[in-house]
Amino acid sequence: MTKAAACQKNAPLALVYFASMSTAPNPPAQAPLFKAFLAIVAIWTLLCAIGAAGDHNDGLQRADYARPYAQTFWLWWREHLLLMAMSTGCYALFTSRPALLGSVPRILGVYLLIAAVFTPLDLVYGGMLALLDRGQLTGVPAVLDAALARSGFGQFMALMWVSFTCITIIAACSWGEGRLRERAWMQSQSDNLALRLELEQQRLLALRGQLEPHFLFNALNAISALVRCDDKRVALDGINHLSALLRYALEAGARDHVSVREERQFLDDYLALQRLRYGTRLNVRIDGDSESVLGADIPPLLLQPLIENALRHDLDCHDRPSDIRVVFAADADSLAIHVSNPASDVRSANPGLGLGLRHVRERLHLAYGDSAVLQIGLHDGRFVVDIHMPLHTPEP
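Quick caveat: nothing in here was measured; it's all calculated off a predicted structure. Every chain is numbered independently, its residues counted from 1 as its sequence is written. Reporting of local features is limited, given that this is a predicted model, to residues whose pLDDT is at least 70; pairs of side-chain atoms are given and counted only at 80 or more, and all residues count toward the totals for whole chains, interfaces and linings. Only hydrogens and water are removed before side-chain values are computed, so all heavy atoms of the structure are retained for them.

A word on the overall build of the protein chain
In plain terms, the rule: Numbering of helices and strands runs from the N terminus; a helix is a DSSP stretch of H or I covering at least four residues, while a strand is a stretch of E covering at least two. Relative accessibility decides the category of a residue: with a 1.4 Å probe and only protein chains considered, values under 20% of the type maximum give buried, values over 50% give exposed, and everything between is partly exposed. The criterion used for residue contact is that any of the two residues' heavy atoms lie within 4.5 Å. The protein chains shown are the only cover counted for residues, whose accessible areas, like all others here, come from Shrake-Rupley with a 1.4 Å probe.
Looking only at helices and strands, the protein chain has 12 helices and seven strands in total. Counting over 396 residues, the protein chain shows a buried share of 39%. By sequence separation, contacts in the protein chain at least 24 residues apart represent 74% of the contacts at least 6 residues apart. When the accessible surface of the protein chain is totalled, it reaches about 21600 Å², and 61% of it is carbon and sulfur.

Some remarks on the sheet that holds strand S6 (residues 373-379)
The following threshold applies: Any two strands with at least two DSSP-identified bridges between them are counted as paired. Each axis is a line fitted through C-alpha atoms, and for a helix only the stretch in contact is used; angles between axes span 0 to 180 degrees, taken between their N-to-C directions.
Within the open sheet, the five strands sit side by side as S2-S4-S5-S7-S6. Their pairing is mixed. Among the strands making up the open sheet, the edge pair consists of strand S2 (284-287) and S6. Here the strands of the sheet are splayed against their neighbours by 15 degrees on average, with no regard to which way each runs. For S6 and strand S7 (residues 382-390), the ladder comprises seven bridges, and the chain directions are antiparallel. Along S7, the bridge assignment pairs valine 373 with histidine 388. Lying on the sheet, helix H11 (residues 303-312) is in contact with strand S4 (324-330), strand S5 (334-342) and S7; it crosses S5 at an angle near 20 degrees.

A few points about the pattern of salt bridges
Side chains that differ in sign of charge can pair as their charged atoms come close. Using the following cut-off: Take a side-chain nitrogen of Lys or Arg and a carboxyl oxygen of Asp or Glu: if they are within 4 Å of each other, that pair is a salt bridge.
Counted under the stated rule, the structure contains nine salt bridges. Of the charged contacts in the structure, one is a salt bridge between arginine 325 and aspartate 323, with a shortest N-O distance of 3.1 Å. When its relative accessible area of 36% is taken as the criterion, arginine 325 is described as partly exposed. As a salt-bridge pair, aspartate 323 and arginine 382 come within 3.0 Å of each other at their nearest N and O atoms. In this pair, aspartate 323 sits in the loop between H11 and S4 while arginine 382 sits in strand S7, placing the two residues 59 residues apart along the sequence. The exposure class of arginine 382 is buried, given its relative accessible area of 12%. Salt bridges here are not isolated pairs; linked through shared partners, they connect Arg264, Asp268 and Asp289.

Regarding the packing of helix H2 (residues 33-59) against helix H3 (residues 69-79)
Heads up, the condition is: Roughly parallel means an angle under 35 degrees; roughly antiparallel, over 145; roughly perpendicular, 65 to 115; everything else is oblique. The handedness criterion is simple: a crossing whose near helix is rotated anticlockwise from the far helix by less than a right angle is left-handed, and one whose near helix is rotated clockwise is right-handed. Residues are grouped as follows: Ala, Val, Leu, Ile, Met, Phe, Trp, Tyr, Cys and Pro are nonpolar; Asp, Glu, Lys and Arg are charged; all remaining types, including Gly, are polar.
Where H2 meets H3, the axes come as close as 8 Å, and the angle between the chain directions of the two elements is 130 degrees. With respect to their mutual orientation, H2 and H3 come out oblique. Where H2 crosses over H3, the handedness of that crossing is right-handed. When H2 is examined against H3, the residues Val41, Thr45, Cys48, Ala49, Gly51, Ala52, Ala53, Asp55 and His56 are found in contact with a partner set consisting of Tyr69, Thr72, Phe73, Trp76 and Trp77. Taken together, the residues of the contact of H2 with H3 break down into nine nonpolar, four polar and one charged.

Focus: unusual backbone geometry
A positive phi angle, close to 60 degrees, is found at leucine 301, a residue other than glycine. Structurally, leucine 301 is set in the loop between strand S3 (297-298) and H11. A positive phi angle, near 55 degrees, is found at aspartate 380, a position not held by glycine. In this structure, aspartate 380 sits in the loop between S6 and S7.

Some remarks on the packing of aromatic side chains
Put simply, the rule reads: Only rings of Phe, Tyr and Trp enter the pairing, Trp through its six-membered ring, and a pair is recorded when the two centres are within 6.5 Å. The plane angle decides the type: under 30 degrees is stacked, over 60 is edge-to-face, the rest tilted.
In this structure the tally under the stated criterion is six aromatic pairs. Measuring from centroid to centroid gives 6.4 Å for tyrosine 69 and phenylalanine 73, while their planes differ by 25 degrees, and the two rings are stacked. In this pair, tyrosine 69 and phenylalanine 73 are both assigned in helix H3, four residues apart and thus about one turn of the helix distant. For tyrosine 69, a relative accessible area of 32% gives the class partly exposed. Within the aromatic cluster, the residues linked to one another by ring pairs are Trp44, Trp161 and Phe164.

Here's the deal with a nonpolar patch on the surface
Applied cut-off: Nonpolar side chains (Val, Leu, Ile, Met, Phe, Trp, Tyr) are joined into patches within 5 Å and like charges within 9 Å, using only residues with over 30% relative accessible area and no salt bridge.
A surface patch of nonpolar side chains, amounting to about 380 Å² of accessible area, comprises Phe153, Phe156, Leu159 and Met160. Residue methionine 160 is classed as partly exposed on the basis of its relative accessible area, which comes to 34%.

Looking at the nonpolar core
The condition is simple: Take the buried Ala, Val, Leu, Ile, Met, Phe, Trp, Tyr and Cys residues and link them wherever side-chain atoms come within 4.5 Å; each set so joined is a nonpolar core.
In this structure, Leu306, Ile307, Leu364 and Met389 are the most contacted members of the largest nonpolar core, which totals 44 residues. Ranked by the residues each element gives to this core, the list is headed by helix H9 (residues 260-278), at seven residues. Residue contacts for leucine 306: discarding those within four places in its chain leaves Ile337, Val339, Leu357, Val360, Val385 and Ile387.

Comments concerning the side chain of aspartate 314
Heads up, the condition is: Positive: Lys, Arg. Negative: Asp, Glu. His and the chain ends are not part of the count.
Within the fold, aspartate 314 resides in the loop between H11 and S4. There is no salt bridge for the buried aspartate 314, and the closest opposite charge comes from arginine 320, which lies 6.1 Å off by N-O distance.

Quick look at the pairing of S2
Of the two faces of S2, only one is covered, namely that formed by Val284 and Ile286; the face formed by Arg285 and Asp287 stays uncovered. As defined by bridge partners, S2 adjoins S4 across four bridges and the pair is classed as parallel. By the bridge assignment, arginine 285 is partnered in S4 with arginine 325.

Here's the deal with the pairing of S4
Sheet topology note: the S4/S5 ladder contains six bridges and is antiparallel. Opposite arginine 325, over in S5, you have serine 340 as the bridge partner. Counting the residues that bridge the hairpin from S4 to S5 gives three residues.

Observations concerning the confidence of the model for the protein chain
Quick reminder of the rule: The quantity called pLDDT is the predictor's confidence in a given residue, expressed from 0 to 100.
Taken residue by residue, the protein chain gives an average pLDDT of 78. The fraction at 70 or more is 81%. Across residues 1-31, confidence stays below pLDDT 50; counting only partners more than four residues off in sequence or on other chains, it has 58 contacts.

Shown next as structure tokens:
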């Protein structure tokens with residue numbers, strides 16, 4: 001078996017092993033050179049063992065062949081000693097100077113330089129070994145003469161072995177450097193996503209921290225109105241309702257989603273508290289709360305700010321009964337919530353800070369991104385709030 005055949009047969013093995021060295025957990029430039037040298041020697045030793053086995057098998061076909069396999073292997077191994085050193089040097093060069101792999105002209109320039117240096121060295125080394133085997137190693141001139149006496153095919157094979165070694169190292173280091181860059185990019189993307197997620201969670205926590213005091217402030221306003229009426233029984237009922245509302249707000253505030261059924265019950269408790277204040281003037285009509293709607297999940301404390309906004313711009317603006325309408329609708333993919341109340345030109349006596357709808361919009365964006373939409377406007381003399389969000393159902 002010739003050197004070229006052994007080279008072609010075992011090139012994938014060398015490439016894979018060098019690539020695995022280049023993608024080690026530590027950067028290749030920091031890998032101990034001695035460890036790399038041992039790995040390179042092991043690969044070349046395996047290639048030499050295979051090549052020597054082919055030569056030995058061919059020799060056994062001749063009757064006069066008496067060379068043992070160990071001697072054939074030694075001749076192969078010592079003949080490739082220079083290439084082992086060159087492999088180690090190339091590996092050290094490319095792993096310590098990864099910029100050399102950054103462009104084709106640089107790679108071509110380095111390859112031409114290595115070929116120009118090591119091809120003559122390989123010829124000289126081969127001539128020295130030939131003189132040594134014949135016992136004619138007398139000095140440098142004799143070695144140079146032996147190197148120049150090599151046939152054209154021998155010179156071509158020396159160039160091919162140098163080229164194969166250099167190209168294999170370049171390919172393995174380039175692939176390994178690409179893997180490292182890809183791994184670094186993926187790590188940076190992962191870090192960025194984790195940071196964004198943490199920031200969104202902090203925003204959500206801050207938003208909840210603003211929403212709950214806002215709700216508490218408005219609920220206490222309702223209780224204070226009852227106290228001013230000097231109706232202790234009604235005020236006590238209001239405090240009981242407020243206690244139930246706060247209990248739910250604390251429990252639901254720690255969750256990302258609650259069922260519409262839970263929100264519907266919370267809304268009923270909230271309306272019961274407000275009914276103690278407004279009496280029979282408070283009229284809220286709720287439609288579309290079917291089982292499929294009640295089983296869906298939504299962000300907690302989403303409905304109450306919508307009703308509170310409607311109350312402020314309806315009952316607080318006149319002495320007539322309210323006409324607040326809440327309509328749920330769901331299909332296979334989305335959930336819609338419609339809240340409306342009569343529009344009034346009279347300014348509310350309790351205008352608030354405008355936090356309710358703004359918080360609802362921000363919480364929908366945090367929960368669903370651009371998949372959820374909140375729209376407000378006037379339609380047929382009514383102030384309308386429309387929400388469209390993905391239909392989110394809990395896993396069974």
